[in-house]
Amino acid sequence: MSDSVPPGRDIIVVNGADEEIGQDFKAAVHQGDGILHRAFSVYLFDPQSRLLLQQRSELKPLWPGYWSNSCCSHPRPGEATREAAARRLREELGLIRVQSLSFLFKFQYHARYGQFAAEHEVCSVFAAVADQPASIDRSEVAQTCYVEAGLLDRQLHDRPQQYTPWLHLAWKRIRADHWAAIDRMVGEAA
């Protein structure tokens, strides 16, 4: 972390072009309507092309207990987003070895949580192939499971309220525009 960043101000505030315009506290960027900030989401697949989902810990201030993608968080000031994704895979899921952490796309979204909080992010989406999580950080993740793509498609349609808003948005785009790349990635990792 840069010496010029005040302690605790470790979330990168950005404009709509994902250009850094400052740093702020994690709680501050999620209050009210939220402040646009940089984030990432990782989608981990196993050798059968199943997605690893995580159920968010009940300790999480936003969307506790909801099912979401494999891992998501924020890069620190001065940290490359890909490096941050690899760091959080180690911290949240105990994954030391991840094959081909590949950037897929970036999107911006805004989602309210209750009356007093929101996510407002420019989110970089990565995909990778990985082994079973080694050790889960229970303050972040309640549990994990693998799900086949078709089943997740149906669950998102039939029970949308059980899943985080960013999973809905990114999964739709992964399935529509990036599924061939996921198939190649899984095939190359086998």
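Residues numbered from 1 in each chain as written. Predicted model: local features only at pLDDT ≥ 70, side-chain atom pairs only at ≥ 80, totals over all residues. Heavy atoms only, no water.

1. Focus: the packing of helix H3 (residues 149–158) against helix H4 (residues 165–189)
Selection rule: Convention adopted: a line fitted to C-alpha atoms gives each axis, helices being fitted over their contacting stretch, and angles between N-to-C directions are expressed from 0 to 180 degrees. For helices the rule is a DSSP run of H or I covering at least 4 residues; for strands it is a run of E covering at least 2, with both sets numbered from the N terminus onward. The labels follow the angle: roughly parallel below 35 degrees, roughly antiparallel above 145, roughly perpendicular from 65 to 115, and oblique for the rest. Throughout, a crossing is termed right-handed when the near helix is turned clockwise from the far one, and left-handed when it is turned anticlockwise from it by less than a right angle. Throughout, a residue-residue contact means that at least one pair of heavy atoms, one from each residue, lies within 4.5 Å. Under the scheme applied here, ten amino acids are nonpolar (Ala, Val, Leu, Ile, Met, Phe, Trp, Tyr, Cys and Pro), four are charged (Asp, Glu, Lys and Arg), and all others, including Gly, are polar.
Put simply, H3 and H4 touch, their axes get as near as 11 Å, and they point 140° apart. What the angle tells us is that H3 and H4 run oblique. Both H3 and H4 take part in a crossing whose hand is left-handed. Residues Ala149, Gly150, Leu152, Asp153 and Leu156 of H3 form the contact with H4, whose own contacting residues are Leu167, His168, Trp171, Arg175 and Trp179. Broken down by class, the residue content of the contact of H3 with H4 amounts to six nonpolar, two polar and two charged.

2. A look at the packing of aromatic side chains
How we decide: Any two rings among Phe, Tyr and Trp, with Trp reduced to its six-membered ring, count as a pair given centres within 6.5 Å; such a pair is stacked if its planes are under 30 degrees apart, edge-to-face if over 60, and tilted if neither. Buried, partly exposed and exposed residues are distinguished by accessible area as a fraction of the type maximum, computed with a 1.4 Å probe on protein chains only: under 20%, between the cut-offs, and over 50%, respectively. Two conditions define a charge sitting above a ring: the NZ of Lys or the CZ of Arg must be within 6 Å of the ring centre, and it must be within 35 degrees of the ring normal.
What the rule picks out here adds up to 10 aromatic pairs. Ring centres 6.5 Å apart and planes at 25° place the aromatic pair Phe45 and Trp171 in the stacked group. Of this pair, Phe45 sits in strand S3 (residues 37–45) while Trp171 is found in helix H4, placing the two residues 126 residues apart along the sequence. Taking the centre distance of 5.7 Å and the plane angle of 75° together, the rings of Trp171 and Trp179 count as edge-to-face. The exposure classification of Trp171 matches that of Trp179, with both residues buried. By way of ring pairs, the aromatic residues Trp63, Phe105, Phe107, Tyr109, Tyr113 and Trp166 are connected into one cluster. When the ring centre of Trp179 is taken as origin, the NZ or CZ atom of Arg175, which lies over that ring, is 4.6 Å away.

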